[in-house]
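As a plain string of letters, each chain reads:
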Amino acid sequence: MCYAIPAKVKKIIDKIAIIDYFGEERKILIDLDDIKVGDYVYAQGGVLVRKILPEEAIEILKHWQEIFFELKKTDEALAKIDTDKLPPNVLGVLQNINLKKTLKREEMLSLLSIENKNELKVLYEIANNIRQREHGNASCVHGIIEFSNYCDQSCYYCGIRKEKNIQRYRMNIDEVIAIAKNAVELYGFKAIVLQSGEDLWYDDEKLITIVKEIRKLGLLIFLSLGQRSKDTYAKLYAAGARAVLIRFETSNQDIFAKLRPGTTLNARIELIKSLKEMGYIIATGFMLGLPGEMNEDIINNILLTKYLAPDMYTFGPLIPSLGTPLVKMPKITKDLVLKTISIARFIDSNCNIVVTTALETLEESAKKEALLAGANSMMINVTPKQYKSLYSIYDNKSGIDVELENSIKETVDLLFKLGRAPTDLGLCCIPSGA
Ligand code: SAM
């Protein structure tokens, strides 16, 4: 569950607190602040974000209470499925999912090969129904700051690979902190992803300063820096970072070896496992549509993601990028992404699945469709406009011309239409009259 409305601490057992959201209880890790029973807190992904003053919490809760249950009703109505209309084979799969039986590989493959529009509709509806059952209407909305497009790596798919001749930028430490401060103070973000190419100009000392200062703002910090050393990640954990977004990209050793010089799939997986052991919340996943990829690989990708036990699944389509060796790759279909979201939801019903910008770039309307096919998380790019277009990991990236206020408004409007509570944003973002 990814609520970031205020919760009340009901019980504390060692470093775990039981917190309450309008009668729903959740467990969170409370190792960052001094917390006692009766305090009001924000939490994300099972981790305390920060304590808030009771007066402030009560006021926010009053506002939320008025709309929260209304939104829930909309979400429940949209997530209803009419099982009478389901074909027997799909009904069988649904029963297995409801009984929490593990789907067989052949069943996953047959779901992935569905092409019939009516069957696809049913597939997405079932996934949405499970999403609603597991998460209620809570939706995480994290901010992302793309703070440098310098990169030491030569990934064949990536538009900021070191060989590509593009205008490079690197934000200074104060700039990164100021952007995070705005995101919290003006827009109420509770979690921020700090993403860059693999840029060693940011040494441990610089990264620690950034993390410590942003942590003081009361934000959950996701690092998305690529393959930095375990030692660096351990230091950043000590400085207050609590989450890492790092994809393994593909579970197929051969495809990985062809597209990712300078590292191995095993090294990437080992790093993800170590980060989890360090206590980091993990967001991981893969790209869809890499050269040589078969449906079996996509199922393996979903299963590897599950095996790594992340808090959040992140996968999206390859968008072929000019000036990269993969520029001529055909784009995959939106439905392949939606099917993958649904199957991920079936095999790991309680996970968070993020709608990626790459999917929005593939097709604008896909954001809404993904949320109705099992996805429950979103990211909003809070990178200032002058840098956004330079962080060109692929061409025509969705949203680069949109002002931050507008992209927040669009996201919140969409979530409200779907009955979702965009609980990661502050009250400032709830449309008046909602
Ligand atoms: N350097 C960090 C790393 O390697 O994890 C973070 C930045 S990297 C650009 C973030 C992600 O962008 C990669 O994990 C990859 O999956 C995705 N990506 C890169 N090029 C892409 C493309 N052309 N289409 C879609 N996704 C792409």
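Caption draft 1: Spotlight on the packing of helix H3 (residues 105–112) against helix H10 (residues 295–307). Interhelical geometry of H3 versus H10 gives an angle of 120 degrees and a closest axis separation of 10 Å. Considering the angle they form, H3 stands oblique to H10. For the pair H3 and H10, the crossing hand works out as right-handed. Residues Arg 105, Met 108, Leu 109 and Leu 112 of H3 form the contact with H10, whose participating residues are Asn 295, Glu 296, Ile 298, Ile 299, Asn 300 and Leu 303.

Caption draft 2: The pattern of salt bridges, seen in detail. Evaluated as defined, the whole model comprises 27 salt bridges. In this structure, the salt-bridge partner of Glu 360 is Lys 367, at a minimum N-O distance of 3.5 Å. Using a relative accessible area of 11% as the deciding quantity, one classes Glu 360 as buried. A salt bridge links Lys 409 to Asp 413, with the shortest nitrogen-to-oxygen separation between them at 2.7 Å. Of this pair, Lys 409 and Asp 413 both sit in helix H15 (residues 404–417), four residues apart, roughly one helical turn.

Caption draft 3: Seen up close, the packing of helix H7 (residues 230–239) against helix H9 (residues 265–278). With their axes 11 Å apart at the nearest point, H7 and H9 run at an angle of 25 degrees to one another. On the basis of their axis angle, the class for H7 and H9 is roughly parallel. The handedness of the crossing between H7 and H9 comes out as right-handed. In this structure, H7 contributes Lys 230, Tyr 233, Ala 234 and Tyr 237 to the contact, and H9 contributes Leu 271, Ser 274, Leu 275 and Met 278. In terms of residue class, the contact of H7 with H9 is built from six nonpolar, one polar and one charged.

Criteria and cut-off values
Residues numbered from 1 in each chain as written. Predicted model: local features only at pLDDT ≥ 70, side-chain atom pairs only at ≥ 80, totals over all residues. Heavy atoms only, no water. Axes fitted to C-alpha atoms, helices over the stretch in contact; angles between N-to-C directions. Helix = DSSP H or I, 4+ residues; strand = E, 2+ residues; numbered from the N terminus. Parallel < 35°, antiparallel > 145°, perpendicular 65-115°, else oblique. Left-handed = near helix turned anticlockwise from the far one by under 90°. Contact = heavy atoms within 4.5 Å. Salt bridge = Lys/Arg side-chain N within 4 Å of Asp/Glu carboxyl O. Buried < 20%, exposed > 50% of the residue type's maximum accessible area, 1.4 Å probe, protein only. Nonpolar A, V, L, I, M, F, W, Y, C, P; charged D, E, K, R; others polar.

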